[in-house]
Amino acid sequence: MSLLTRTLDTILDRAVVPGYSRIGATVRRRFWAADPTPFPSPIDMVVTGASSGLGAATAKELARLGARVHLVGRSADRLESAAAAIRAEVPDASLVVRECDISNLDSVAELIAALASELTAVHALVHCAGVMPDGRHLSAQGHESAFATHVLGPVALTVGLRELFDAGSRVVFVSSGGMYPVPLQSADFEYENGKYSGMTAYARTKRMQVVVTEQLAERFSLEDDPVVHSMHPGWAATPGVTGSMPLFGSVMKPILRSADNGADTIVWLVASDQALTSTGTFWHDRAPRPTHYPSWRGDSPRVRDALWASVVEATGIEI
């Protein structure tokens, strides 16, 4: 990338609105990394939150590249509908429906057991499942729902599938640019204090996803461990945006990205060789991005350590 294109890319990123909207993708497409090529042989991939939005779009494009995609979601009926829609566009798509509530650690354990009994390898795990709660709700194990859905369940699933990964495997956490205003400074991971806001809970836990991505990358040190990345998709017209933030969706509708466009970097991270050259990196539009704006507004090392300790205690993982 030339100095001019790097400068343009940075301006788009810092300006937020053009960079996060479809404007940014349209401009960057002229100079971003090459498209991934089809997989040389059938491989298995797991996508959570696959019944709609970014998860369904990701599953469709991975199936188009030749993967057998395991669609994970809370409702088998909705997953079957998503699978039918994918097959309408990709007639030879190989899809498996896996009903699982990612916020429920017992359900996650059942999914891990099922995958381990049926598969010999998992090439990629994509964490797309997301919620923006309308109040402080608790998971089956008594954890705040956004924390359980975005952090506890995904980490438990990632570590639980460790034996199925190999040196070419990847794990991708789909975070959000909304995490930038909320650096990790409070150890109130369960949002027990103060007036609850679903939008704030969402942003906080999306920040936590970036942090646990780095923490998993540090701890995955064996030869066959996967690389672990996080990314943000920009502003895409998905049910999570238009349903949970209707005013934002209405105002920004003319420049929102499509779900396919929002899923582009997810698919690229799963399928490109470049994703294997690093781990613990945060991405947007096929390029690494800073995890803090401004750079000095960082996370508390103490709270980062407390987050990992809280995740280990809640999930019982050993790593």
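Here the structure is a predicted model, which means the values were calculated and not measured.

Participant: Got a minute to help me understand the UniProt feature "domain: Ketoreductase" (unreviewed entry) in the chain in this structure?
Facilitator: Under the local residue numbering, the UniProt record ascribes the feature "domain: Ketoreductase" (unreviewed entry) to residues 46-205. Helix makes up 40% of residues 46-205 and strand 15%. Its end C-alpha atoms lie 21 Å apart.

Participant: Just to check I follow, could you spell out the side chain of Ser 21 for this structure?
Facilitator: Along the polypeptide, Ser 21 turns up in the loop between helix H2 (17-20) and helix H3 (22-28). When sequence neighbours within four positions are dropped, the list of residues in contact with Ser 21 reads Val 16, Trp 235, Ile 255 and Arg 257.

Participant: What's the story with the pairing of strand S1 (residues 44-48) in this structure? I'm lost.
Facilitator: Along any regular strand, the residues point their side chains to alternate faces of the sheet. Across the 5 residues that make up S1, a large majority, 5, are buried. Side chains of S1 alternate between two faces, with Asp 44, Val 46 and Thr 48 and Met 45 and Val 47 buried alike. By the bridge criterion, 5 bridges tie S1 to strand S2 (residues 68-73) in an arrangement that is parallel. Note on S2: the bridge partner recorded for Val 47 is Leu 71. Note that the unit made of S1, helix H4 (residues 53-64) and S2 has a crossover that is right-handed. Of the strand pairs in this sheet, S1 and strand S4 (residues 124-127) are connected by 3 bridges, and their pairing is parallel. From the neighbouring strand, Met 45 faces S4, where its bridge partner is Ala 124.

Participant: Could you clarify how one ought to interpret the pattern of salt bridges in this entry?
Facilitator: Once their charged atoms are close, side chains differing in charge can pair, the charge on each being opposite to the other. Counted by the stated rule, this structure contains 20 salt bridges. Among the salt bridges present, the one from Asp 285 reaches Arg 257, with a minimum N-O distance of 2.7 Å. A residue pair is termed long-range when its members are at least 10 positions apart, and Asp 285 in the loop between strand S7 (282-284) and strand S8 (287-288) and Arg 257 in the loop between helix H10 (246-252) and helix H11 (259-262) qualify at 28 residues. The pair formed by Asp 285 and Arg 257 is uniform in burial state, with each residue classed as buried. Three or more residues joined by partner-sharing salt bridges are found here, namely Asp 9, Asp 13, Arg 14, Arg 28, Arg 257, Asp 285 and Arg 289.

Participant: Mind showing me how you'd approach the sheet that holds S8 here?
Facilitator: Strands in a sheet are paired, the pairing made by backbone hydrogen bonds, and the direction either parallel or antiparallel. Spatially, S3-S2-S1-S4-S5-S6-S7-S8 is the arrangement adopted by the 8 strands of the open sheet, whose pairing is mixed. A single partner strand is all that each edge strand has here, and the edge strands are strand S3 (94-99) and S8. Sheet analysis places S4 next to strand S5 (residues 170-174), joined by 4 bridges and oriented parallel. Bridge pairing in S5 places His 127 opposite Phe 173. The strands touched by helix H12 (residues 264-271) are S1, S4, S5, strand S6 (227-231) and S7; relative to S5, the strand with the most contacts, the crossing angle is about 165°.

Participant: Looking at this structure, how should I read the packing of aromatic side chains?
Facilitator: Where two aromatic rings form a pair, the distance of their centres and the angle of their planes describe that pair. On inspection of all chains with the given rule, the structure shows 6 aromatic pairs. Measuring from ring centre to ring centre gives 4.5 Å for Tyr 180 and Tyr 293, while their planes differ by 20°; the resulting arrangement is stacked. Of this pair, Tyr 180 sits in the loop between S5 and helix H8 (198-219) while Tyr 293 sits in the loop between S8 and helix H13 (301-315), and the two are 113 residues apart along the sequence. Overall, Tyr 180 belongs to the buried group, its relative accessible area being 7%. The class of Tyr 293 is buried, set by a relative accessible area of 18%. Among the aromatic residues, those joined into a ring-pair cluster are Tyr 180, Phe 282 and Tyr 293. Just above the ring of Tyr 191 sits the side chain of Arg 204; from NZ or CZ to the centre is 4.2 Å. The positively charged end of Arg 219 is found above the aromatic ring belonging to Trp 308, 4.3 Å away from the centroid.

Calculation criteria
- Residues numbered from 1 in each chain as written.
- Predicted model: local features only at pLDDT ≥ 70, side-chain atom pairs only at ≥ 80, totals over all residues.
- Heavy atoms only, no water.
- UniProt positions renumbered as here; feature names shortened; annotations may be inferred.
- Helix = DSSP H or I, 4+ residues; strand = E, 2+ residues; numbered from the N terminus.
- Contact = heavy atoms within 4.5 Å.
- Buried < 20%, exposed > 50% of the residue type's maximum accessible area, 1.4 Å probe, protein only.
- Pairing = 2+ DSSP bridges.
- Right-handed = clockwise from strand over helix to strand, strands pointing away.
- Salt bridge = Lys/Arg side-chain N within 4 Å of Asp/Glu carboxyl O.
- Axes fitted to C-alpha atoms, helices over the stretch in contact; angles between N-to-C directions.
- Phe/Tyr/Trp six-rings, centres within 6.5 Å; stacked < 30°, edge-to-face > 60°.
- Lys NZ or Arg CZ within 6 Å of the ring centre and 35° of its normal.

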